[in-house]
Amino acid sequence: MIETEFAVVGAGPAGLSAALEAGRAGVQTMLMDENQAPGGQLVKQIHKFFGSKEHWAGMRGRDIGDKLLEQVKKAGVKVMLDTVVWGIFDEGKVLGIKEGDRNRQIRAQKILLATGASENPLAFRGWTLPGVLGAGAAQTLVNLHRVLPGTRVLMVGAGNVGLIVAYQLLQAGAHVLAVVEALPTIGGYGVHASKIRRMGVPILTGHTVKEASGNAKVERAMVVRVDDRGHPVPGTEKKFEVDTICIAVGLHPLAELAWICGCQFAYISELGGHVPVHTENMETTVPGVYVAGDAAGIEEATVAMEEGRLTGVDVAHCLGYISGGKAQRLRAEIQTRIQLIRTGPFGEALKGAKEKLIERKG
Amino acid sequence: MRVTEHPILGKMVKGRKVEFEFDGKPMRGYEGEPIATALMGAGIKVFRYTVKGQNPRGVFCAIGRCTDCVMTVDGMPNVRTCVTLLRKGMKVQTQMGLGAWEKSK
Amino acid sequence: MRESLSKTGVLTKEDLAQSPGVPSEERMERGPVVYIECMEEIPCDPCQYVCPKDAITVGEQIIDLPVLDEVKCDGCGICIPICPGLAIFVVDKSYSNEEALVGLPYEMLPLPKAGMKVHGVDREGKIVCEARIVKVLNPKKFDRTAVIYLAVPRNLALDVRHFTFPEEEE
């Protein structure tokens, strides 16, 4: 049994930020990730990030991840890669892990579950054919492994993931024939949509994919217009000769470990579905177990970093490494930055959703 | 298709190319990359066939969660090829249904 | 504004005429100046910080739209590669009697070469003219967002926002 003060599950932006904040305060911290390299989603984000200076706006996601890791290592945090956390026991005090091929257990005073999100599926006739895959999956294949899943793509979903991945597929040399979006409006940022529109990619709002077909792989897709109730309008079918259909219809929190150890959940659709209820300091209903980042509600990397920092501050304070006064000051700074992010047409909905979530716990 | 040049990522840098077997045929891939991408890089999209309908399946989530990409590797069935790294000499087989476990019934 | 953008993904010229980030006609005739096509309230402000002439203001509420001071702006274009939305351009209507210069961000391969003839493309991806590559800037500090300057017919300076290579001869 390994003993530590603070165990962080997931080395994405939230986990890295939490480990950094706690590590700098002197907390004995272990940061684990099942991948071969840390960074979580940041590794695949080759575009420049929005936000302000504190969020390294203008820097590419991948480079932000590298910077964070550098700082985390300097802070003396123990980083364990190729390490799967498969279980959580003893009322959220013990983790079962598989480090490479070794099965081990870690007892920690505080645990952060920063396990990110999972892509939502979309079932339609032929969706199981090879060639239909998640947009995030396509991003992983191209940006991490340098292999294109195909060269003629239909993107389903015009949220930020769909728009960004469509652009990245173009950068990798694929032909994106269209982005289809069932809703009447584009959900992602206008600038992401504009980038691909001027590259000739049509964005068909009020349309969805009806069927994929082909001989043991995708060879074509049928797209159909939908009415304002989401029902396909007969006679509006359009055929696209594609070998790849990417599904970008949202993410949901990956919070199985939180479920297993008994955290209370709430269903909040703006946050991606079932989300662990947590306080303003990111603690769940199981004392000592925290959530941050997409696992605490689908938002963005900038929010994930701030939530990670909030967790690190609370952990450092609870374990006696920083005073109550200092913790309050740090929290106020972080909250101010979060408020700046959660404004505007995109941020407001998320602010309301998070407030609902935090109310539930009270 | 390999993305050998990229405007942001630059030139593709991989480990050494190694030989492995796919359904008895010799193939080459990069040591240390997922088995799935070695196959996709060679144009292989069908990794297995389902139990009931013998439907072809391939990569779906690419991060080891959905298990759509499982194949029989070195005699062991249900190996998630998108997160299992290629080693020289591996024997990768298109999996039919549940693979070798079926035979133990 | 948001309406048309969220339906089509494209800002119309009518939308842009109301943007606080676009210069006046008169200023564009006088020499190079930026043309900021950022009209959505996204929390973001690197353009404000990178301008050496303090010609762009976002303010403390970082969701506010960038406001251009067309007098301070000299069209150096250093803000073009910093914008995460690739929404900043440079326009110079003083380039010549027939042509205007348009500077745009570009993150694709291959990079064009100065002197090449290309197709000028508008915000909807439609080819609207023939254009000529005048300058290709891709220094390390632009962090892989190249800035390409194209000469286009003057009357299309507010239309051309991208380019494509001519089809290869069979």
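Since we're looking at a predicted model, the values are computed, not measured. (Residues numbered from 1 in each chain as written. Chains lettered and ligands numbered in written order. Predicted model: local features only at pLDDT ≥ 70, side-chain atom pairs only at ≥ 80, totals over all residues.)

A. Just the overall build of chain A, in detail. Helices and strands together make up the secondary structure of chain A, namely 9 helices and 19 strands. Expected size for 362 residues packed as a compact globule is a radius of gyration near 21 Å; at 21 Å, chain A falls within 12% of this value. For chain A, the C-alpha atoms occupy an extent of roughly 65 × 45 × 35 Å along the three principal directions. Across the 362 residues that make up chain A, the buried fraction comes to 59%. (Helix = DSSP H or I, 4+ residues; strand = E, 2+ residues; numbered from the N terminus. Rg over C-alpha atoms; globule rule 2.2 N^0.38 Å. Buried ≥ 20, exposed ≤ 12 C-beta atoms within 10 Å, placed from the backbone.)

B. Geometry of the overall build of chain C. Within chain C one finds 4 helices and 9 strands. The helix and strand sequence of chain C, counted from the amino end, reads α-α-α-β-α-β-β-β-β-β-β-β-β. Here the C-alpha radius of gyration of chain C, 15 Å, is about what a compact globule of 170 residues would show, namely 15 Å. Principal-axis analysis of the C-alpha atoms places the extent of chain C at approximately 55 × 35 × 30 Å.

C. Just the packing of helix H1 (residues 13-25) of chain A against helix H2 (residues 61-74) of chain A, in detail. Residue and element names in this part refer to chain A. As a packed pair, H1 and H2 sit with axes 9 Å apart at the nearest point and diverge in direction by 30 degrees. Comparing the axis directions of H1 and H2 gives the class roughly parallel. Judged by the sense of rotation from one axis to the other, the crossing of H1 with H2 is left-handed. Across from Pro 13, Leu 16, Ser 17, Ala 19, Leu 20 and Gly 23 in H1, the residues of H2 making contact are Leu 68, Leu 69, Gln 71 and Val 72. (Axes fitted to C-alpha atoms, helices over the stretch in contact; angles between N-to-C directions. Parallel < 35°, antiparallel > 145°, perpendicular 65-115°, else oblique. Left-handed = near helix turned anticlockwise from the far one by under 90°. Contact = placed C-beta atoms within 7 Å.)

D. Representation of the packing of helix H4 (residues 160-171) of chain A against helix H5 (residues 190-197) of chain A within the structure. All names here are of chain A. Two elements in contact, H4 and H5, have axes separated by 9 Å at closest approach and are oriented at 30 degrees. The handedness of the crossing between H4 and H5 comes out as left-handed. The residues of H5 that touch H4, namely those facing Asn 160, Leu 163, Ile 164, Ala 166, Tyr 167 and Leu 170, are His 192, Ala 193, Lys 195 and Ile 196.

E. Main features of the interface of chain A and chain B. Facing the 25 residues of chain A at the interface are 25 residues of chain B. Among the elements of the structure, strand E7 (117-119), strand E8 (132-134) and helix H3 (135-144) of chain A are those that each provide at least two residues to the side of chain A that touches chain B. For the side of chain A that touches chain B, the element with the highest residue contribution is H3(A), accounting for 5 residues. Among the residues making up the side of chain A that touches chain B, the classes are represented as 12 nonpolar, 10 polar and 3 charged. (Nonpolar A, V, L, I, M, F, W, Y, C, P; charged D, E, K, R; others polar.)

F. Region of interest: the nonpolar core. By size, the foremost hydrophobic cluster in this structure holds 126 residues, and its most contacted members are A:Val8, A:Val9, A:Leu113, A:Ala292, C:Val34 and C:Val102. Examining the composition of this core, we find that 8 residues originate from one element, helix H7 (residues 301-318) of chain A, more than from any other. C:Val102 has contacts with C:Phe89, C:Val91, C:Leu150, C:Val152, C:Ala157 and C:Val160, leaving out every residue within four places of it along the chain. Counting residues in hydrophobic clusters, the runner-up holds 70 residues, among them A:Ile164, A:Val209, A:Val223 and A:Ala248. (Core = buried A, V, L, I, M, F, W, Y, C linked by C-beta atoms within 7 Å.)

G. Quick look at unusual backbone geometry. Backbone torsion omega between C:Leu109 and C:Pro110 reads -5 degrees, so that peptide bond is classified as cis. Looking at the secondary structure, you find C:Pro110 in the loop between strand E5 (99-106) and strand E6 (117-121). Phi is positive for A:Glu91, close to 55 degrees, though the residue is something other than glycine. Position of A:Glu91 among the secondary structure elements: in the loop between strand E4 (83-89) and strand E5 (94-99). Note on A:Glu91: 12 C-beta atoms within 10 Å, which makes it exposed.

H. Representation of the interface of chain C and chain A. On the side of chain A, 32 residues touch chain C, which itself brings 33 residues to the contact. In terms of residue count, the dominant contributor to the side of chain C that touches chain A is helix H1 (residues 2-8) of chain C (4 residues). Split by residue class, the side of chain C that touches chain A holds 18 nonpolar, 5 polar and 10 charged.

I. Geometry of H1(A). Residue and element names in this part refer to chain A. With 13 residues, H1 ought to run about 18 Å at 1.5 Å a step, and its terminal C-alpha atoms sit 18 Å apart, in line with that. Most of H1 is tucked away: 12 of the 13 residues are buried. Those residues of H1 lying buried are Pro 13, Ala 14, Gly 15, Leu 16, Ser 17, Ala 18, Ala 19, Leu 20, Glu 21, Ala 22, Gly 23 and Ala 25. Turning to H1, the residues buried within the fold contact strand E1 (2-9), strand E2 (29-32), H2, strand E6 (102-113) and H7. (Expected span 1.5 Å × (residues − 1).)

J. Inspection of the sheet that holds strand E9 (residues 162-164) of chain C at higher detail. Residue and element names in this part refer to chain C. The 7 strands lie next to each other as E1-E4-E5-E8-E7-E6-E9, forming an open sheet whose pairing is antiparallel. In the strand order of this sheet, the two ends are held by strand E1 (33-36) and E9, each with one partner. Averaged over all pairs of adjacent strands, the angle between their axes in this sheet comes to 40 degrees, without regard to strand direction. (Pairing = 2+ DSSP bridges.)

K. Just H7(A), in detail. Residues and elements named next belong to chain A. Between the first and last C-alpha of H7 there are 26 Å, a value that for 18 residues agrees with the 26 Å anticipated at 1.5 Å per step. Where burial is concerned, most of H7 is hidden: 17 out of the 18 residues are buried. Downstream of H7 by one or two residues, Gly 320 has phi in the positive range, about 85 degrees.

L. Focus on the sheet that holds strand E13 (residues 220-225) of chain A. Residues and elements named next belong to chain A. Spatially, 3 strands are ordered E12-E13-E14 in an open sheet, and the strand pairing comes out antiparallel. Every other strand in the sheet has two partners, leaving strand E12 (207-213) and strand E14 (238-240) as the edge strands with one partner each. Averaged over all neighbouring strand pairs, the angle between strand axes comes to 30 degrees, with direction disregarded. The sheet contact formed by E13 and E14 spans 3 bridges and is antiparallel. What sits directly across from Met 222, in E14, is Lys 239.

M. Fine view of the pairing of strand E18 (residues 273-276) of chain A. Pairing analysis gives 4 bridges linking strand E17 (residues 265-268) of chain A to E18(A), with the strands arranged antiparallel. For A:Phe265, the partnering residue across the bridge sits in E18(A) and is A:Pro276.

N. Geometry of the environment of A:Gly173. Looking at the element boundaries, A:Gly173 is found in the loop between H4 and strand E10 (175-181). With 75 residues separating them along the chain, A:Gly173 and A:Lys98 place their C-alpha atoms 38 Å apart. The residues touching A:Gly173, leaving out its near neighbours within four places in the chain, are A:Leu148 and B:Val3.

O. Broad picture of the environment of C:Glu70. Relative to the helices and strands, C:Glu70 is located in the loop between strand E3 (67-68) and strand E4 (88-92). The spacing of C:Glu70 and C:Ala55 is 15 residues in sequence and 7.1 Å in space, taken between C-alpha atoms.

P. Inspection of the pairing of E10(A) at higher detail. Residues and elements named next belong to chain A. The buried fraction of E10 is high, at 5 of 7 residues. Taken together, the 5 bridges between strand E9 (residues 152-156) and E10 define a ladder with parallel strand orientation. Counted as the bridge partner of Leu 154 is Ala 178 from E10. Handedness of the E9-H4-E10 crossover: right-handed. With 3 bridges connecting them, E10 and strand E11 (residues 203-205) associate as parallel partners. Bridge pairing in E11 places Glu 181 opposite Thr 205. Taken together, E10, H5 and E11 constitute a β-α-β crossover, and its handedness is right-handed. (Right-handed = clockwise from strand over helix to strand, strands pointing away.)

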